[in-house]
Amino acid sequence: MSEETQHFLDRLADIRAGRESEPTWIAARRQAGAARFEAMGFPTRRDEAWKYTDVRAIARGEFALARDAEFSPASAAALTLPIDTHRLTFVDGVFAPALSTLDGLPEGVSLQPLSAALVENHEAVGGPLGRLTGVEFSPFSALNTAFMEEGAVLRLAPGTVVEKPITLQFLSRRGEAPVMSHPRVLVQAGGRSQATLIEHHVGEEGAANFTNLVEEVILERNAILTHYKLQEAPLADLHIASIHVEQARDSRYTSFNLNLGGALVRTDLISELNGENATCDFYGLFYGEGRQHVDSHTLANHNAPHTFSNENYKGILDDRAHGVFNGKVVVKRDSQKIEGFQSNANLLLSDRAEIDAKPELEIYADDVKCSHGTTTGQLDEEAIYALRSRGIDRQTARGLLTLAFAGEVLEEVGLDAISERVELAVAGKLPERFNLAGLVEVAVALDDE
Amino acid sequence: MLEVKDLHVTVEGNEILKGLSMTINAGEVHAIMGPNGSGKSTLSAVIAGKEEYEVTSGSITYEGRDVLEMAVEERAQAGLLLGFQYPVEIPGVKNIYLLKAALNAKREAEGLGEIPAPEFMKLIKEKIAEMKMDASFLQRSVNEGFSGGEKKRNEILQMLVLQPRLAMLDEIDSGLDIDAMKVVADGVNSLRSEEHAILLVTHYQRLLDYIVPDRVHVLVDGRIVKSGDADLARELESRGYDWVLEESAA
């Protein structure tokens, strides 16, 4: 066993105390996770799936486990999206009831922290948990399983339509020493249910924590879920996430993977399209600056005929930031009449920014419609000139065009609070002279008339 | 206001303007006419600062400033604005963003603060009505999916909002039907005043029925070979360019 893995597993001692009320199977799963993690070790760049992403910043880090969820309510409020929502808030992975809003959950909706669900509902949770994302998926999923103790369980009874979005807020705290958390999220959407899930990662400036998230999402027949992952963690945070979705017939999953924060970010998004007419839409926007590293891996598995996947990812990279996009569409044999479309465009704002973009198609059926493409470029000089010719300075012109580029994904966002926040965040990273807020205000005012 | 002296300009090694001189005073409307390839568009493009043009000799002075030393945006801020023959589409940048950013840039250069939002809204609504455009244009991306006529109206709308001291309009009449031409011409005419000057570049006399120039210049092979008043344009319309060419060769 390497020192690095041992270092992490040593921390398991911290979670074993005081867990008598848990079901016995959970301990067995943790052990299986630990054993698998120990066997695999951290991925290296020799692993194809991690070729462009170096995780030594995690492997060599020292992370304790947080043991409380103390956070000033005023600071938390300032970090919270202005949306009327049902919300579970976690501080460094620890559930914070005082910061959560759980009253008024409609009938048919069960939203619980994992720790509570394991005690109260463990039979229902035990089956699906780990079914989609097993310990084999990656060393990080194994590590997550080894430390599995907190997270969220959302269950929607068949036919339940939830009006307000449901938010999982993950706050990263600036502490004396970095901490790690391994949140585990399970979503089970019953037949014909509909909901919007917001996953919001945010925190205090100067925090440098490691989040290792695993999410499993099960959509039964005709279920519709829109999932916003807004990752604006502090700029020194390390963030690894996998989201694995299973879709039954006629279900629809829409993902917005919006990455603005973090020093090292890796997201794996996978959808299993298992029934006819199941549809997934993957939208992504990442903005990297400084030396940020942002890696998005997506996979649409067309396991059944007449299934649809559609993807549009945009990346903006400044300074010495490094982006990775790997989008894969796999069409199984006999999965005829499927449609899989994929597009990725990247904008490099600096000569030293870097992108590794790889679209992949694996098709084993013959009657399919698939397309993919990736482009990387600089801002359009002709458009910059057109704006300058109206008196707009070069920096502002670049800002306007960068926003326009991001806007192609943001215009698909159905929640104004999220699209405006991201637009302002992107604008905020652009030169200060550019008063986007004033421009947006005017456009919004005009729209309201 | 603007003085061009013995201007020589090359594009990719070809000399396009070969010693062009002209003076535009405040309050005047000048029209530049000439056969295709005579360099008509080059003059306004060089004044506006288009980058692929190389000035090999000569000077352009605007209100005592050396224009060739000014950045593209500085020229626009100072009141030198070019309406393009082929306006560029800028996907994702709303018209209203462009208008507000441009107006604020000009105000900043003039030492004024940002325009207050209500004042801006009032101004925009007034101008858009003048151009007989629908308010929904403001929320649309600059020129994206616009028809030829809509693009030209949009150029004039920018002029009306920014009120340039010298508006240069390159073939603003091309691709316009007669109704759109009237709207565009009315817009341009509303810019006329004691303080403002206009430079029209056009191939056809037609536009000059609506915007009557004070001076007409005929450009042939990179030089102004003949200047006159509005009657010269009419003469060119009926007689063509050949007689001017013959006269200048003589």
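Thresholds applied
- Residues numbered from 1 in each chain as written.
- Chains lettered and ligands numbered in written order.
- Predicted model: local features only at pLDDT ≥ 70, side-chain atom pairs only at ≥ 80, totals over all residues.
- Helix = DSSP H or I, 4+ residues; strand = E, 2+ residues; numbered from the N terminus.
- Rg over C-alpha atoms; globule rule 2.2 N^0.38 Å.
- Buried ≥ 20, exposed ≤ 12 C-beta atoms within 10 Å, placed from the backbone.
- Contact = placed C-beta atoms within 7 Å.
- Nonpolar A, V, L, I, M, F, W, Y, C, P; charged D, E, K, R; others polar.
- Pairing = 2+ DSSP bridges.
- Axes fitted to C-alpha atoms, helices over the stretch in contact; angles between N-to-C directions.
- Core = buried A, V, L, I, M, F, W, Y, C linked by C-beta atoms within 7 Å.
- Domains from an automatic or database assignment.
- Left-handed = near helix turned anticlockwise from the far one by under 90°.
- Expected span 1.5 Å × (residues − 1).
- Parallel < 35°, antiparallel > 145°, perpendicular 65-115°, else oblique.

Draft legend 1. Seen up close, the overall build of chain A. Tallying secondary structure elements over chain A gives 12 helices and 21 strands in all. Rg of the C-alpha trace for chain A: 22 Å, near the compact-globule value of 22 Å for 449 residues, within the 12% margin. Each principal axis of the C-alpha atoms in chain A carries an extent, and together these give about 70 × 55 × 50 Å. Counting only residues that meet the buried cut, chain A has 51% of its 449 residues in that class.

Draft legend 2. The arrangement of the overall build of chain B in detail. Regarding its fold elements, chain B presents nine helices and 12 strands. Taking 2.2 N^0.38 as the reference for a compact globule, 250 residues should give roughly 18 Å; the C-alpha atoms of chain B span a radius of gyration of 18 Å, in line with that estimate. Across its three principal directions, the C-alpha atoms of chain B cover 60 × 40 × 35 Å. Expressed as a percentage of its 250 residues, the buried residues of chain B come to 46%. In chain B, the proportion of contacts linking residues at least 24 apart, taken out of those at least 6 apart, comes to 71%.

Draft legend 3. Geometry of the interface of chain B and chain A. Counting from both sides, the interface comprises 28 residues of chain B and, opposite them, 26 residues of chain A. Residues of the side of chain B that touches chain A, tallied by class, amount to 18 nonpolar, four polar and six charged.

Draft legend 4. View of the sheet that holds strand β12 (residues 223-228) of chain B. All names here are of chain B. Across the sheet, which stays open at both edges, the six strands sit in the order β6-β9-β10-β3-β11-β12 with mixed pairing between neighbours. Both edges of this open sheet fall to β6 (80-83) and β12, since each of them pairs with a single strand only. Averaged over all neighbouring strand pairs, the angle between strand axes comes to 20 degrees, with direction disregarded. Where strand β3 (residues 29-33) meets strand β11 (residues 215-220), four bridges bridge the pair, whose relative direction is parallel. Within β11, the position partnered with H30 by the bridge is R215.

Draft legend 5. Representation of the sheet that holds strand β9 (residues 194-203) of chain A within the structure. All names here are of chain A. The sheet built from 10 strands is open, its strands ordered β3-β2-β6-β9-β11-β13-β15-β17-β19-β21 with mixed pairing. Among the strands making up the open sheet, the edge pair consists of β3 (94-95) and β21 (368-377). Sheet analysis places strand β17 (residues 308-317) next to strand β19 (residues 338-348), joined by 10 bridges and oriented parallel. Bridged to N312 within β19 is S343. Packed onto the sheet, helix α10 (residues 394-410) meets β15 (279-288), β17 and β19 and runs at close to 160 degrees relative to β17.

Draft legend 6. Seen up close, the nonpolar core. Among the nonpolar cores identified, the biggest contains 194 residues, and L219(A), L400(A), M168(B), I198(B) and L200(B) are the most heavily contacted of them. Of the domains in this structure, domain 1 (3-274) and domain 2 (381-449) of chain A are the two that each give at least three residues to this core. Not counting the four nearest positions on each side in its chain, M168(B) is found in contact with S44(B), I47(B), A48(B), L81(B), L82(B), G83(B) and L199(B).

Draft legend 7. Looking closely at helix α9 (residues 381-388) of chain A. Regarding α9(A), the residues found buried are A383(A), I384(A), A386(A), L387(A) and R388(A). Lining the buried residues of α9(A) we find α10 of chain A together with α2 (72-78), β7 (90-94) and α3 (95-109) of chain B.

Draft legend 8. Geometry of the domain arrangement of chain A. All names here are of chain A. Split by domain assignment, chain A resolves into domain 1 (3-274) and domain 2 (381-449). Taking only C-alpha atoms, the centre of domain 1 and the centre of domain 2 are 32 Å apart. The interface is formed by 11 residues belonging to domain 1 together with eight residues belonging to domain 2. Of all elements in the fold, only β11 (224-232) and β13 (252-259) reach the threshold of two or more residues within the side of domain 1 that touches domain 2. Ranked by the residues each element gives to the side of domain 1 that touches domain 2, the list is headed by β11, at four residues. Looking at the side of domain 1 that touches domain 2 residue by residue, the class counts come to nine nonpolar, one polar and one charged.

Draft legend 9. Structural view of the pairing of β17(A). Residue and element names in this part refer to chain A. Of all 10 residues making up β17, seven are buried, and the element is well covered by its neighbours. With 10 bridges joining them, β15 and β17 adopt parallel strand pairing. When the sheet's bridge partners are listed, G284 is paired in β17 with Y313.

Draft legend 10. A look at the packing of α3(B) against helix α5 (residues 148-162) of chain B. Residue and element names in this part refer to chain B. Running from N to C, α3 and α5 cross one another at 35 degrees; their axes reach a closest spacing of 10 Å. In the packing of α3 onto α5, the handedness of the crossing is right-handed. Across the interface between the two elements, L99, A102, L103 and K106 of α3 pack against Q158, V161 and L162 of α5. Along the lines of polarity and charge, the residues of the contact of α3 with α5 split into five nonpolar, one polar and one charged.

Draft legend 11. Quick peek at α3(B). All names here are of chain B. The end-to-end C-alpha distance of α3, which contains 15 residues, comes to 21 Å, matching closely the 21 Å that a straight helix rising 1.5 Å per residue would cover. With 12 of 15 residues buried, α3 is to be regarded as a mostly interior element. For α3, the full list of buried residues reads N95, I96, Y97, L98, L99, K100, A101, A102, L103, N104, A105 and K106. Positioned one or two residues after α3, G111 has a phi angle of 80 degrees, which is positive.

Draft legend 12. How the structure looks around the environment of N346(A). Mapping N346(A) onto the fold places it in strand β19. Here N346(A) is in contact with G315(A), L317(A), G323(A), I355(A), A357(A) and T376(A), once residues within four sequence places are set aside.

Draft legend 13. Looking closely at the environment of S350(A). Mapped onto the elements of the fold, S350(A) is located in the loop between β19 and β20 (354-363). Apart from residues lying up to four places away in sequence, S350(A) is in contact with D318(A) and D319(A).

Draft legend 14. Examining the packing of α10(A) against helix α11 (residues 416-429) of chain A more closely. Residue and element names in this part refer to chain A. Following both chains from N to C, one finds α10 and α11 inclined at 155 degrees, their axes separated by 10 Å at the closest point. As the angle between them shows, α10 and α11 are arranged roughly antiparallel. Crossing handedness for the pair α10 and α11: right-handed. Every residue of α11 that contacts α10 at G399, T402, L403, A406 and L410 is listed here: S419, V422, E423, V426 and A427. Taken together, the residues of the contact of α10 with α11 sort by class into six nonpolar, three polar and one charged.

Draft legend 15. Here's a closer look at unusual backbone geometry. Backbone geometry at D250(A) places phi at a positive 60 degrees, although glycine is not the residue there. On the secondary structure map, D250(A) appears in the loop between β12 (238-247) and β13. When the 18 C-beta atoms within 10 Å are taken as the criterion, D250(A) is described as partly exposed. The phi angle at E63(B) is positive, at roughly 50 degrees, despite the residue not being glycine.

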